[in-house]
Amino acid sequence: MRKSATFTLILVLAVPVALAGNIQGKVISSGLRHNADAVVYVDEIPGKTFPPPAEAVVMDQVDMSFVPHVLPVIAGTKVEFLNSDSFMHNVFTPDKCAGKFNLGSWPQGQKRDFTFEKTCVAVLLCNVHPEMEAFVVALPTPYFAVTDRDGGFTIADVPDGDYTIRVWHPKLPEWSQSLSVSGPTSLEVTLKAK
Amino acid sequence: MSRTIGSLSRCSMAGAALFSLAALAILCATPANAIPAFARKYETSCQTCHVAYPKLNTFGQAFRLLGYRMPGETEGQVKRPDVALGAASYKRVWPDAVWPGAIPQNLPLSLVANFQVQNSSQIEIEDGEVHRDTVNNDMIFPSEVALVVAGTAGEHVSYFGEIGFEQSVEAGMIEQEVGVEHIDIRFIRPIRNSMAFNVKIGSFQPELVSGFDHARRLTVANYDSMFGVSPIQSGGTEIVGGGGHHGGGGGISLPAVGRGIDLYGVVSHRFTWAAGILNGIGPGDATFDANSGKDTYVKGAYKWGGLAPDGSNAAVYAGSPKNWREKSVQVGVFYYRGDGKDIFFREEHDELGVIEVIFVEDPDYTRTGLDFNWYFKDLNIFGAYVSGDDDLRIYADSVTEPGEPGVFDPDESGTYTYKSWFVEADMVLGMPWLHGAVRYETVDLPRAEDGLKVQAYERATLSMTALVRANVKGVMEYTEDLNESRNYQFWLGAGIAF
Ligand SMILES: [Cu+2]
């Protein structure tokens with residue numbers, strides 16, 4: 001009876017006029033307090049690579065928490081870790097795909113950065129405050145979104161085509177499915193906590 | 001003839017034998033100053049403030065000194081804010097309204113419990129014969145239970161209290177006792193919001209020493225060379241007029257806990273000072289203080305490097321992410337003056353089978369000391385030295401009123417001096433959850449002005465703490481009298497705080 005994951009998938013294919021469209025929908029997680037923090041993304045597209053953004057993406061350490069808790073980026077993106085608190089923080093990861101980096105500790109208002117070259121799910125921890133935790137999810141495409149507390153997400157401007165779409169969440173089993181995008185597309189996923 | 005004066009007092013005063021210190025540590029209230037209520041308030045780990053609870057890291061020391069507030073604390077850091085007793089704007093209306101306060105959403109209670117298996121051996125000399133008392137695998141479950149309450153009551157006010165539950169065995173009966181170990185109210189930065197001046201009122205651990213913190217130590221064994229020396233008691237005696245500084249016993253050495261008023265502060269971020277007034281020796285027959293004289297003390301300490309004691313450089317200080325580490329050294333001096341006028345300690349001496357009763361008064365005594373605390377990599381080395389002077393006045397037993405001090409004995413009376421010191425090295429052993437401690441402590445017990453050395457006390461302690469969880473630990477500890485290897489204690493312990 002206890003399947004590791006159950007899901008329902010609803011696809012609504014709109015009139016194929018546009019060459020690209022938003023993938024909009026919900027990831028409903030049963031067994032968790034809320035539906036936030038799921039990363040919904042389009043997996044690797046054969047023959048296509050995407051350059052990382054020229055500007056660094058910032059993850060803040062404020063009020064003894066990492067903000068945001070889950071940060072998806074394109075592989076190759078430089079992430080800057082800012083300390084906004086009135087005392088020092090640290091950032092390190094035990095994950096190999098991010099080179100198990102430890103950026104040391106630094107005071108208020110300062111930043112240190114790390115470039116996530118490979119696709120990777122890296123957990124970020126603070127040695128000074130063991131309760132602090134965040135995730136950088138480095139992805140192969142720029143087509144990703146993070147769910148809000150209601151589970152809602154929008155992946156903007158996905159070109160029409162056939163893709164593998166995946167869902168990653170720190171506490172949910174991984175999910176993937178092929179998806180044909182042709183204009184605005186909706187997607188609903190229900191996942192059960194492990 | 002020079003008389004033997006002095007011993008290391010035990011927590012429970014009854015029937016102490018000379019130099020029976022090693023066996024006593026377990027009977028002493030082991031302070032439990034870990035405050036999980038703050039882990040709840042800030043939703044943070046114990047490790048934010050503790051190296052291994054109850055031992056604080058330097059951030060935790062600043063948090064404590066700031067009246068249990070984070071350096072540069074913001075509203076957002078407090079995940080479970082206090083309930084305001086009046087809107088903040090009422091401060092503008094004062095004195096036409098009561099100044100608003102604050103209370104925690106839930107009573108900020110925490111429970112600390114310890115369990116110990118004791119193995120010990122103790123040499124006692126009775127009627128010239130040597131007896132060896134051994135204890136094997138005595139499961140003292142629990143060895144300590146304490147309810148700790150601590151918090152903030154709006155701006156500038158904080159409090160700390162501890163209600164301890166203790167068990168001891170007395171003549172084949174398990175005695176259970178509940179007592180208020182500490183309770184105080186603190187006015188933090190009452191003047192111009194400056195850390196230079198703060199006030200603590202209550203029954204508290206005085207801010208007398210800087211280099212070590214007996215209430216937040218890593219070891220089971222206390223710093224008896226600092227807190228357990230009694231120049232008066234010579235063992236096996238009943239004490240009239242009180243049992244030292246603290247209601248629960250303790251020597252007339254340094255006060256581990258006292259009833260009084262403590263003024264303290266941090267000047268220029270790195271110089272800490274304190275001055276206080278305590279009841280001193282007590283209790284009396286019907287009063288908490290045994291006489292009307294008060295004890296007074298002052299201290300000063302300076303810290304080089306690391307986090308400033310007031311946490312003022314926390315926002316610009318990039319220490320080590322290993323939050324027990326920093327490069328710093330603190331050096332402090334302290335001076336304590338006690339007034340024991342009109343307090344007569346009754347002592348019995350066995351002089352060749354004849355019991356001789358005398359009375360000892362310690363009208364004026366001083367304790368002068370210095371301490372240091374050095375952090376380097378995974379090491380924290382600290383220690384203290386104390387020199388004690390006691391102007392002891394010895395009286396014969398009264399002939400007219402037995403049990404009252406009689407004729408003053410000028411030959412035996414005089415200034416007695418003791419010197420004690422200890423050094424402890426604490427180390428994080430490779431992993432942040434494994435902590436070791438090694439301590440050496442020694443006391444040169446009182447000697448008369450003729451310079452005759454009575455006896456020295458030496459003890460070594462070896463301790464290991466493993467944090468099984470952030471708030472659960474196991475402890476293994478061995479402590480031995482270096483002059484009498486048959487006096488030792490070995491503890492296996494476990495503790496939890498929540
Ligand atoms: Cu942190």
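In this text the structure is predicted, and so the values were computed from the model without any measurement.

So, the pattern of salt bridges
All names here are of chain B. Tallying each qualifying case throughout the model produces 22 salt bridges over all chains. Here Asp184 makes a salt bridge to Arg186, at a shortest N to O gap of 2.8 Å. For the pair shown, Asp184 and Arg186 are each scored as buried. A salt bridge links Lys294 to Asp289, with the shortest nitrogen-to-oxygen separation between them at 2.9 Å. Taking the relative accessible area as the measure of exposure, Lys294 reaches 35% and is therefore partly exposed. By relative accessible area, which is 6% here, Asp289 ends up buried. Taken together, the shared-partner salt bridges connect Asp224, Glu424, Arg439, Glu441 and Arg459 into one network.

Quick word on the domain arrangement of chain A
Residues and elements named next belong to chain A. By the assigned domains, chain A splits into domain 1 (20–48 + 141–192) and domain 2 (57–139). Spacing between the C-alpha centres of domain 1 and domain 2 amounts to 23 Å. With nine residues of domain 1 at the interface, the matching set in domain 2 holds nine residues. Across the domain 1 to domain 2 interface the summed buried area is about 840 Å²; carbon plus sulfur atoms make up 86%. Looking at the side of domain 1 facing domain 2, the largest losses of area belong to Asp37, Phe144 and Trp168, adding up to 50% of the total buried there. Between domain 1 and domain 2 we count zero salt bridges in total. Taken together, the links from domain 1 to domain 2 amount to one residue pair in polar contact (both at pLDDT 80 or more). Contributing elements (two or more residues each) for the side of domain 1 that touches domain 2: strand E3 (39–42) and strand E13 (144–146).

Concerning the interface of chain B and chain A
If you look at the interface, chain B gives 23 residues, while chain A gives 18 residues. Here chain B and chain A share an interface that buries about 1500 Å² over both sides, 57% of which is from carbon and sulfur atoms. Three residues stand out in chain B for area buried against chain A, namely B:Gln77, B:Ala315 and B:Pro321, and they jointly supply 33% of the buried area on that side. On the surface where chain B and chain A come into contact, there are zero salt bridges.

Focus on helix H2 (residues 58–65) of chain B
All names here are of chain B. Of all eight residues in H2, seven are buried; the element is thus mostly enclosed. Within H2, burial applies to Thr58, Phe59, Gly60, Ala62, Phe63, Arg64 and Leu65. Where H2 begins, one side-chain oxygen reaches toward the backbone nitrogen of Phe59, 3.0 Å away; that side chain belongs to Asn57. Among the residues trailing H2, Gly67 stands out with phi positive, at a value near 75 degrees.

Observations regarding the coordination of the copper ion
All names here are of chain A. The protein atoms donating to the copper ion are His89 (ND1), Cys126 (SG), His129 (ND1) and Met132 (SD), with metal-donor distances spanning 2.0 to 2.6 Å. Angles of 97 to 133 degrees at the metal separate the four donor atoms of the copper ion, which places the site in the tetrahedral class. Here the donor residues for the copper ion map to a single chain with the spacing H-x36-C-x2-H-x2-M. Overall, Met132 belongs to the buried group, its relative accessible area being 2%.

A word on the state of the cysteines
Going through the model one piece at a time under the given rule, you end up with one disulfide over all chains. Through a disulfide, A:Cys97 is tied to A:Cys120; the S-S separation comes to 1.9 Å. Judged by the torsion about the S-S bond (60 degrees), the A:Cys97/A:Cys120 disulfide is right-handed. Here the residue A:Cys97 occupies a position in the loop between strand E8 (89–92) and strand E9 (102–106), and A:Cys120 occupies one in strand E11 (residues 120–125), the gap between them amounting to 23 residues. For A:Cys97, a relative accessible area of 28% puts it in the partly exposed group. Here B:Cys49 is not disulfide-linked; the sulfur of B:Cys46 is the nearest cysteine sulfur, at 9.4 Å.

The rules we used
Residues numbered from 1 in each chain as written. Chains lettered and ligands numbered in written order. Predicted model: local features only at pLDDT ≥ 70, side-chain atom pairs only at ≥ 80, totals over all residues. Heavy atoms only, no water. Salt bridge = Lys/Arg side-chain N within 4 Å of Asp/Glu carboxyl O. Buried < 20%, exposed > 50% of the residue type's maximum accessible area, 1.4 Å probe, protein only. Domains from an automatic or database assignment. Contact = heavy atoms within 4.5 Å. Buried area = accessible area lost by both parts, 1.4 Å probe. Polar contact = N/O pair within 3.5 Å; in protein donor to acceptor, adjacent residues only side chain to side chain. Helix = DSSP H or I, 4+ residues; strand = E, 2+ residues; numbered from the N terminus. Donors = N, O, S within 2.8 Å, 3.2 Å for Na, K, Ca; no water. Tetrahedral: all angles 85-135°; square planar, octahedral: opposite > 155°, others 65-115°. Disulfide = S-S within 2.5 Å.

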